[in-house]
Amino acid sequence: MKVHWTDNALEQLRSIHAYISRSSPLYAKRVVDRLTNRSRQIGDFPHSGRIVPEYEMAQVREVIEGHYRIIYFIKPDQIDVLAVIHGARDIGGNP
């Protein structure tokens, strides 16, 4: 299934990269690469992620990569990555 990264999720990836780059540009690239590579798992196995506890909707799921939560929405024809957030952050409202 096609995986679409929303503008919000892409901006979060850029912010993660910028933050980590301050101390290690190489590590920043590796982290972002690992996060984006999870698209393959999400695309191949959309229901492999757990239901996001804050929303309790079967279509809103997440996979964990390192310290980050990749939150996505399963549609009939594609998957939208909604957010990439640090696991310690409270998402409180909509992703």
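Only a predicted model underlies this, so the values are computations on that prediction, with no experimental measurement involved.

A. Seen up close, helix α1 (residues 7-21). Between its first and last C-alpha, α1 extends 21 Å over 15 residues, near the 21 Å set by a 1.5 Å rise per residue. Those residues of α1 that sit buried are Ala9, Gln12, Leu13, Ile16, Ile20 and Ser21. One face of α1 carries all of its buried residues, which in axial projection span an arc of 165°. Exposed residues lying more than 90 degrees from the buried face of α1 are Asp7 and Tyr19. Buried residues along α1 sit in contact with β1 (2-5), α2 (25-44), β4 (68-74) and β5 (78-86).

B. Fine view of the nonpolar core. Counting 18 residues, the largest nonpolar core has Ile16, Leu35, Tyr68, Tyr72, Val81 and Val84 as its most contacted members. For this core, the leading source of residues is α2, giving 5 residues. In this structure Ile16 touches Val31, Leu35, Tyr68 and Val84, once residues within four positions along its chain are discounted. One finds Val52, Tyr55, Val60 and Ile71 within the second-largest nonpolar core, a separate group that totals 6 residues.

Rules behind the numbers
Residues numbered from 1 in each chain as written. Predicted model: local features only at pLDDT ≥ 70, side-chain atom pairs only at ≥ 80, totals over all residues. Heavy atoms only, no water. Helix = DSSP H or I, 4+ residues; strand = E, 2+ residues; numbered from the N terminus. Expected span 1.5 Å × (residues − 1). Buried < 20%, exposed > 50% of the residue type's maximum accessible area, 1.4 Å probe, protein only. Arc of directions from axis to C-beta. Contact = heavy atoms within 4.5 Å. Core = buried A, V, L, I, M, F, W, Y, C linked by side-chain atoms within 4.5 Å.

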